[in-house]
Amino acid sequence: MDVNAAVAAAAAIAGVLTGVIAMLAFRWSERDQARPTRTSLHMDPVLPPGVDTVLSVLRSSAVVLDEADAVVKASSAAYALGLVRGGKLAVEPMLQMARDTRRDGEIRQVELDLPRRGTGRGEALAVSARVAPLGSRLVLLLVEDLTEARRIEAVRRDFVANVSHELKTPVGALSLLSEAVMDASDDPEAVQRFAGRMQIEATRLTNLVQELIDLSRVQNDDPLEDAEPVGIDELVAEAVDRCRHQAGTKQITMAAGGTADLRVWGHRGQLAAALGNLVENAVNYSPARTRVGIAARRVTAPGGDLIEIAVTDQGIGISDKDKERIFERFYRVDPARSRATGGTGLGLAIVKHVAASHGGEVTVWSAEGQGSTFTLRLPEAGAARDRDRAQQHPDLDDDEEDGPSAQTPPESTAYQTLSAPEVLP
């Protein structure tokens, strides 16, 4: 019995020792697997010191790829452009550039047109991609969005082409007419007729150059530097006087009315040019023996009261497709009529820039065959002046503001009847 007991005790002790040894071996194996080896340390993608900080402040979209073409680091702009999807670079030409750069270490750059995400209209996204090695294993991809720059360049290119064309037309006409005058030197009637045509073309050329100068000024100058309270009645009277001859020739009735004693805060010359262009367009595009109305009123808005000046005509009207483009430079709804009236296609572009620079806007309602109404909305003198002075003098006390333009406006915002129209003979 003693022998059997001893054997059993020895077997039990051996079993316990075996279990302990097995447990220790399992723990040791787990520790070895968790411990980083030289190979694993070499394979983990780690950015060089400071690179992460530099990438975070770059304006370009940044993507860092490892040896397996996996994305190690990508900026939020890269995700927004759709460059990275599912942890991979989604643009195949850029991925091929990265592989070539990783192979030979050469810096590469290319411009690509990528499909814009979220639109089904096939709009392209113009980008410039630059790939460079980052250390011995990583590759850095920088992508810059060129879409807006290309759009601005296209606008500038079209503008130069349109200016060249518009200048070439009257200059070419003057050249031909001068030759005709020389050939008809012995015919006084022909000379007189050609000289009259030369005056028309010279006037058109002068108007075009002047409107180009005006457009350049309203784009580059800050109207609030020389701002002053400007009376709407004065602007309307000046615009009516400017178009008096054209309206009288076509027997067009011009009526001015609305709320009196309204003022806006801005550059008098620019505001007069903008309203004058609207009235002149209304007269030029209206048939004979029709009516052009100019009315002003005060409207309430969340940011302060606005002065609304509406110019209404009974002209040919504007189609829906043309409404979206009439404020573009050199765009004409009816090119044949514009050339007959000496239009340059810059008048509404000037109105748009003047309105925007004064914190307002210009809108249009029109129906073909029924006429058009152009509405110029500008901040009233009191509110606009207070904002301008508050920006220049933040410590100025509001109680120091005085004058008639700062008084509380009447509650009525409806157009008053054009009670005293000015009828041209």
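Just so you know, these numbers come straight off a predicted model, no measurement behind them. (Residues numbered from 1 in each chain as written. Predicted model: local features only at pLDDT ≥ 70, side-chain atom pairs only at ≥ 80, totals over all residues. Heavy atoms only, no water.)

(A) Structural context of the overall build of the protein chain. Counting secondary structure elements, the protein chain contains 14 helices and 14 strands. By residue count, 36% of the 425 residues in the protein chain fall in the buried class. Expressed as a percentage of contacts within the protein chain between residues at least 6 apart in sequence, the contacts between residues at least 24 apart total 64%. Here the protein chain displays about 24,900 Å² of accessible surface, and carbon together with sulfur accounts for 54% of that area. (Helix = DSSP H or I, 4+ residues; strand = E, 2+ residues; numbered from the N terminus. Buried < 20%, exposed > 50% of the residue type's maximum accessible area, 1.4 Å probe, protein only. Contact = heavy atoms within 4.5 Å. Areas by Shrake-Rupley, 256 points an atom, 1.4 Å probe, with all protein chains shown as cover.)

(B) Seen up close, the packing of helix 8 (residues 232-242) against helix 10 (residues 268-284). Direction vectors running N to C along helix 8 and helix 10 enclose 50°, while the axes themselves pass 9 Å from each other. With respect to their mutual orientation, helix 8 and helix 10 come out oblique. Where helix 8 crosses over helix 10, the handedness of that crossing is right-handed. Across the interface between the two elements, Glu-234, Leu-235, Val-236, Glu-238, Ala-239 and Arg-242 of helix 8 pack against Arg-268, Leu-271, Ala-272, Ala-273, Leu-275, Gly-276, Asn-277, Val-279 and Glu-280 of helix 10. (Axes fitted to C-alpha atoms, helices over the stretch in contact; angles between N-to-C directions. Parallel < 35°, antiparallel > 145°, perpendicular 65-115°, else oblique. Left-handed = near helix turned anticlockwise from the far one by under 90°.)

(C) Inspection of the nonpolar core at higher detail. Ranked by internal contacts, the top residues of the largest apolar core, which has 45 residues, are Ile-232, Met-254, Leu-275, Val-279, Ile-294 and Val-311. At the level of secondary structure, the elements contributing two or more residues to this core comprise helix 7 (188-220), helix 8, helix 10, strand 11 (291-299), strand 12 (306-312), helix 13 (347-357) and strand 14 (371-379). The element contributing the most residues to this core is helix 10, with eight residues. In this structure, Ala-78, Leu-125, Val-139 and Val-143 belong to the second largest nonpolar core, which totals 23 residues. (Core = buried A, V, L, I, M, F, W, Y, C linked by side-chain atoms within 4.5 Å.)

(D) Broad picture of the sheet that holds strand 9 (residues 253-258). In space, the five strands of this open sheet follow the order 9-11-12-14-13, with mixed pairing throughout. Edge positions in the sheet fall to strand 9 and strand 13 (361-367), since each has one partner strand and no second. Taken over all neighbouring pairs, the strand axes of this sheet differ in orientation by 15° on average, direction set aside. The pairing of strand 13 with strand 14 spans seven bridges and is antiparallel. Residue pairing for strand 14: Thr-363 is matched across the bridge by Thr-375. (Pairing = 2+ DSSP bridges.)

(E) Spatial organisation of the packing of aromatic side chains. Following the criterion strictly, the structure yields one aromatic pair and no others. Judged by centre distance (6.3 Å) and plane angle (80°), the ring pair of Phe-327 and Phe-374 falls under edge-to-face. Of the two residues, Phe-327 sits in the loop between helix 11 (320-323) and helix 12 (335-341) while Phe-374 sits in strand 14, which places them 47 residues apart along the sequence. Phe-374 gets classed as buried once you look at its relative accessible area, which sits at 8%. (Phe/Tyr/Trp six-rings, centres within 6.5 Å; stacked < 30°, edge-to-face > 60°.)

(F) Just the packing of helix 10 against helix 13, in detail. Where helix 10 meets helix 13, the closest approach of the two axes is 9 Å, and the angle between their N-to-C directions is 140°. Between helix 10 and helix 13, the angle falls in the class oblique. Of the two possible hands of crossing, helix 10 and helix 13 adopt the one that is left-handed. Every residue of helix 13 that contacts helix 10 at Gln-270, Leu-271, Ala-274, Asn-277, Leu-278 and Asn-281 is listed here: Gly-347, Leu-348, Ile-350, Val-351, Val-354 and Ser-357. Considering only residue class, the contact of helix 10 with helix 13 consists of seven nonpolar, five polar and no charged. (Nonpolar A, V, L, I, M, F, W, Y, C, P; charged D, E, K, R; others polar.)

(G) Structural context of the environment of Leu-146. As for its position among the elements, Leu-146 is in the loop between strand 7 (138-145) and helix 6 (147-183). Taking relative accessible area as the criterion, Leu-146 reaches 16% and is therefore assigned buried. Counting along the chain gives 34 residues from Leu-146 to Leu-112, while the straight-line C-alpha distance between them is 9.7 Å.

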